[in-house]
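Structural features, examined
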Amino acid sequence: MDTKILVTGAFGQIGSELTPELQKKYGKENVIALGHKNIPEGFDGIVETAEINDFETLKALIEKYQIKTIFHLVSILSANGEKNPDLTWKVNMGGLKNILDLARDYHLQVFWPSTIAAFGPSTPKEAPQHTIMQPTTMYGVTKVSGELLCNYYFLKYGVDVRSVRYPGIISWKTPPEGGTSDYSVAIFYDGIKSEKYECFVGPETTIPLMYIPDCIKGTIDIMEAPIDKIKIRTSYNLGALSFSAKELSDEINKHIKVEVTYKPDARQAIADSWPKSFNDSDARADWGWSHSYTLDKMVSDMIENLKIKFSQEKNG
Ligand code: VAH
């Protein structure tokens, strides 16, 4: 993977963890963090701002920094996407096409995440790598369309674009925002702050989930893999864990007392449209994917880090 590296969506849930990891591996001078409205105070690195639909500004950045690799993370997620489907299509698909056109013109390597939201109610609940994909959210529609667009740019123009389907990602650095899997993060935030959490999906709701260190590892591993190992150019299933909201609540209550109540809202139907788990044997066989965090290890690490985060915020 060649530098310099551009990370779009550098300050979102994935980007806020991927960017420092890339800075550590490749040097701060070789990572350009592209933000929009959410650039944190005192970010330590090279930062630029641009609208992802602004092709000319993106092109100027590619030339200014001689970018060779792009991690394209900008996306409007499932729950927010249903509030404004038109904008979701524009940002998610228009943004991806801008990045792929630049990759074609400047011979760039690209990472772009798909998601379990690309599956739908007709997908088997134990989703295989190759299966029917009829998502019921605009976010999911942009992700399954994006997978096909990536595959097209590889076949037509030879663009080295690589993709994985993320499960719900659990992390502590950024508060949950706009996703359906956010309950798996909000339960920690509210639970530690108020010892209570009103969950917006039911207790038996089960989806594929992953802790952020494994997500970052898989994201970088696929980009560093030798090109001949990448045999799937739509998107690889990237699995780790699968557990219900109640199983998560029970594991958290082994550490801290959190009274969890359940009040399903519109996001229940979105979560129900997704598989409970998915088969990622192709990623493991083709480029050596493996995860390391178990449910218990993830829960204790989340609680430990969030307690530190909240006490630092309290002490200023
Ligand atoms: C969402 N966090 O909830 C995202 C993710 C699988 C879920 O794609 O929309």
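Per chain, residues are indexed from 1 in the order of the written sequence. Only residues with pLDDT of 70 or above have their local features reported here, since the model is predicted, and side-chain atom pairs are shown and tallied only from 80 upward, although totals for entire chains, interfaces and linings are computed over all residues. By convention in this description, side-chain values take in all heavy atoms of the structure and omit both hydrogens and water.

**Comments concerning the site of the ligand**
The condition is simple: Proximity criterion: a residue is near a molecule or strand once any of its heavy atoms comes within 4 Å of it. Definition of a polar contact: a pair of N or O atoms within 3.5 Å, with one able to donate and the other able to accept a hydrogen when the atoms are protein atoms, and with sequence-neighbouring residues admitted only if both atoms are side-chain atoms. Here the open area of atoms and residues is found with the Shrake-Rupley method and a 1.4 Å probe, where only the protein chains shown may cover a residue. Each residue gets one label: Ala, Val, Leu, Ile, Met, Phe, Trp, Tyr, Cys and Pro are nonpolar, Asp, Glu, Lys and Arg are charged, and the others, such as Gly, are polar. Source of the domain bounds: an automatic or database domain assignment.
Neighbouring residues of the ligand: L77, S78, T115, I116, Y139, P167, G168, G179, T180, S181 and W274. Note that an oxygen atom of the ligand is positioned 2.6 Å from one of the side-chain N or O atoms of Y139. Between the ligand and T180, the relevant distance is 2.7 Å, taken from an oxygen atom to a main-chain nitrogen or oxygen of the residue. When the ligand is considered free in solution it has 280 Å² of accessible area, and contact with the protein chains removes 96% of it. Classifying every residue of the shell around the ligand gives five nonpolar, six polar and no charged. Each of domain 1 (5–167 + 211–237) and domain 2 (169–209 + 241–276 + 290–314) accounts for three or more of the residues forming the shell around the ligand.

**Some details on the sheet that holds strand 10 (residues 168–170)**
Working definition: the strands of a sheet are paired by backbone hydrogen bonds and lie parallel or antiparallel to each other. Selection criterion: DSSP bridges decide pairing: two strands pair if at least two such bridges lie between them. Secondary structure follows DSSP: runs of H or I at least 4 residues long count as helices, runs of E at least 2 residues long count as strands, and numbering of each begins at the N terminus. Where helices are involved, their axes are fitted lines through C-alpha atoms of the stretch in contact, as for all axes, and angles between N-to-C directions lie from 0 to 180°. We call two residues in contact when some of their heavy atoms are within 4.5 Å.
Taken together, three strands build an open sheet; the order of strands is 10-12-14 and the sheet is mixed. With partners counted over all chains shown, the strands left at the sheet margins are strand 10 and strand 14 (241–244), one partner each. Strand-to-strand twist in this sheet, taken as the mean axis angle between neighbours without regard to direction, amounts to 45°. Here three bridges tie strand 10 to strand 12 (residues 206–211), and the two strands are oriented parallel to one another. Its bridge partner being in strand 12, I169 is matched across the sheet by M210. In the packing of helix 7 (residues 212–224) onto the sheet, the strands contacted are strand 10 and strand 12, and the crossing angle to strand 12 comes to about 75°.

**Remarks on the pairing of strand 1 (residues 5–8)**
As a reminder, the rule being used: The classification of residues rests on relative accessible area computed with a 1.4 Å probe and restricted to protein chains. Under 20% of the type maximum is buried, over 50% is exposed, and intermediate values are partly exposed. Seen with the strands pointing away from the viewer, any crossover whose path from the first strand over the helix to the second strand runs clockwise is right-handed.
Residues I5 and V7 line one face of strand 1 and the alternating positions L6 and T8 line the opposite face, and both faces are buried. Pairing geometry for strand 1 and strand 2 (residues 31–35), over four bridges, is parallel. What sits directly across from V7, in strand 2, is A33. With helix 1 (residues 15–26) bridging strand 1 and the parallel strand 2, this β-α-β connection has right-handed handedness. As paired strands, strand 1 and strand 4 (residues 69–72) are joined by four bridges and run parallel to one another. Residue pairing in the sheet places L6 in a bridge with I70 of strand 4.

**A closer look at the pattern of salt bridges**
Here is the rule: Each reported salt bridge corresponds to a side-chain nitrogen of Lys or Arg within 4 Å of a carboxyl oxygen of Asp or Glu.
Here the structure, examined in full by the defined rule, presents 17 salt bridges. E21 serves as the salt-bridge partner of K24, at 3.6 Å between the closest nitrogen and oxygen. Taken together, the positions of K24 and E21, both in helix 1 and three residues apart, correspond to about one turn of that helix. A residue is classified by how much of its surface remains accessible, and E21, at 28% relative accessible area, is partly exposed.

**Description of the packing of aromatic side chains**
What counts, and what does not: Aromatic rings from Phe, Tyr and Trp, taking only the six-membered ring of Trp, are treated as a pair when their centres fall within 6.5 Å; an angle between ring planes under 30 degrees marks them as stacked, one over 60 as edge-to-face, and anything in between as tilted. By definition here, charges over rings are those cases where NZ of Lys or CZ of Arg is within 6 Å of the ring centre and within 35 degrees of the ring normal.
One pass over the full model with this rule turns up eleven aromatic pairs. Taking the centre distance of 6.0 Å and the plane angle of 70° together, the rings of Y152 and Y153 count as edge-to-face. Assessed through its relative accessible area of 40%, Y152 is described here as partly exposed. Taking the relative accessible area as the measure of exposure, Y153 reaches 3% and is therefore buried. Plain terms: the ring middles of Y153 and Y157 are 5.1 Å apart, the flat faces sit at 55° to each other, and that makes the pair tilted. Taken together, the residues Y153 and Y157, both in helix 5 (residues 138–157) and four residues apart, mark about one turn of the helix. By relative accessible area, which is 37% here, Y157 ends up partly exposed. Feature note: the residues F71, F111 and Y166 constitute an aromatic cluster, connected by ring pairs. Cation over ring: R104 sits above Y157, and NZ or CZ is 5.0 Å from the ring centre. Looking at R267, its charged tip hangs above the ring of F200, at a distance of 3.4 Å from the centre.

**Here we look at the environment of F278**
Relative to the assigned elements, F278 resides in strand 16 (residues 277–278). Residue classification places F278 among the buried residues on the basis of a relative accessible area of 10%. Separated by 29 residues in sequence, F278 and S249 have C-alpha atoms that sit 22 Å apart. Beyond its immediate chain neighbours, meaning those up to four positions away, F278 contacts I116, F119, A127, R165, P167, P208, N237, L238 and G239.

**Focus on the domain arrangement of the chain**
Selection rule: What gets called buried area is simply the loss in accessible area from a 1.4 Å probe that two parts show on being joined, summed for both.
According to the domain assignment, the chain consists of domain 1 (5–167 + 211–237) and domain 2 (169–209 + 241–276 + 290–314). One C-alpha centre belongs to domain 1, the other to domain 2; they are set 24 Å apart. Taken residue by residue, the interface counts 30 residues in domain 1 and 29 residues in domain 2. Buried area between domain 1 and domain 2, summed over both chains or domains, comes out near 2400 Å², and the portion from carbon and sulfur atoms is 58%.

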